[in-house]
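# Geometric and topological summary
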Amino acid sequence: MVGTPKVEAARSALNALNPEVEVVALKTRLGSADAGGLVSQADLVLDCTDNCATRHLLNRACVEHRKPLVSGAAIRFDGQVMVFDLRKPDSPCYSCLFPENGEVEEVQCSVMGVFAPLTGVVGAVQAMEALKLLAQVGESLSGKLLLLDAKKADWRTLRVKKDPACPVCATSRDSAAAR
Ligand SMILES: [Zn+2]
């Protein structure tokens, strides 16, 4: 659906799959003013965005409102999926892993490109983890980073720990405890 706004294309596709699902499509750039309001109404947040600013904005809102965050990314032949179950006090957040002021250069898919099937794989794993968290089934990827090297067909899982000096989740927990 080239030429159609992404949110409209997504809504049409979802309604075609299941007409009973109510899709609220918001065609707007997420700002810090409305991120908290939207996240507070959600049971769970899936981050499928393609830029660092929005990823950190969503992470901050999820930390503040203690919502599980299922984050996915794909670039070239590399995919990654992370779950931050921020309902748990010992859970790391996105910023523990990728600090907001980090040296990580923003690499956008529009510039670097992505192996098309990889976005489907990463999206399906995110959907799987989201459904498990919502249904409270099994063990989630919380506290782990799942890496897929599509070229080598290699999956790896790394443990991720909460950074006690993380300015996003450490500060928020302290201020919450002090209240
Ligand atoms: Zn953190």
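Worth saying up front: this structure is predicted, and the values here are computed from it rather than measured. (Residues numbered from 1 in each chain as written. Predicted model: local features only at pLDDT ≥ 70, side-chain atom pairs only at ≥ 80, totals over all residues. Heavy atoms only, no water.)

## Some words on the sheet that holds strand β1 (residues 45–47)
Taken in spatial order, the 5 strands make up an open sheet running β1-β2-β3-β4-β5, and their pairing is mixed. The outermost strands of the open sheet, each flanked by one partner alone, are β1 and β5 (154–159). When the angles between neighbouring strand axes are averaged without regard to direction, this sheet yields 15°. Examined bridge by bridge, β1 and strand β2 (residues 68–75) share 3 bridges and lie parallel to one another. Residue Val45 lies in a different strand from β2, and its bridge partner there is Leu69. Most of the contacts of helix α3 (residues 52–65) go to β2, to which it runs at about 165°, and overall it touches β1 and β2. (Pairing = 2+ DSSP bridges. Helix = DSSP H or I, 4+ residues; strand = E, 2+ residues; numbered from the N terminus. Axes fitted to C-alpha atoms, helices over the stretch in contact; angles between N-to-C directions. Contact = heavy atoms within 4.5 Å.)

## Quick word on the packing of aromatic side chains
The tally for this structure, following the rule as stated, stands at 3 aromatic pairs. Consider the rings of Phe84 and Tyr94, whose centres lie 6.2 Å apart with planes at 85°: the pair is edge-to-face. Taken together, the residues span a long stretch of sequence, with Phe84 in strand β3 (residues 78–85) and Tyr94 in helix α4 (residues 94–97) at a distance of 10 residues. Between Tyr94 and Phe98, the ring centres sit 5.1 Å apart and the planes meet at 40°, which makes this aromatic pair tilted. Grouped by ring-pair contacts, the aromatic residues Phe84, Tyr94 and Phe98 constitute a single cluster. (Phe/Tyr/Trp six-rings, centres within 6.5 Å; stacked < 30°, edge-to-face > 60°.)

## Some points on helix α2 (residues 32–40)
Among all positions of α2, only Ala35, Gly36 and Val39 are buried. Take α2 and look down its axis: the buried residues cluster within an arc of 95°, on one side only. Close packing links the buried residues of α2 with β1 and α3. (Buried < 20%, exposed > 50% of the residue type's maximum accessible area, 1.4 Å probe, protein only. Arc of directions from axis to C-beta.)

## Thoughts on the coordination of the zinc ion
Only Cys93 (SG), Cys96 (SG), Cys166 (SG) and Cys169 (SG) from the protein coordinate the zinc ion, and they sit 2.3 Å from it. For the zinc ion, the 4 donor atoms are set out with angles of 97 to 122° between them, so the coordination reads as tetrahedral. (Donors = N, O, S within 2.8 Å, 3.2 Å for Na, K, Ca; no water. Tetrahedral: all angles 85-135°; square planar, octahedral: opposite > 155°, others 65-115°.)

## Quick word on the nonpolar core
Counting 22 residues, the largest nonpolar core has Val45, Leu86 and Cys93 as its most contacted members. Every element with two or more residues in this core is listed here: α2, α3, β3, α4 and β4 (144–149). When residues of this core are assigned to their parent elements, the largest contribution, 5 residues, is made by α3. Once residues within four sequence positions are removed from consideration, Cys93 is found in contact with Asn59, Val63, Phe84, Leu86, Cys166, Val168 and Cys169. By size, the runner-up hydrophobic cluster in this structure holds 13 residues, among which are Leu118, Val122, Val125 and Leu133. (Core = buried A, V, L, I, M, F, W, Y, C linked by side-chain atoms within 4.5 Å.)

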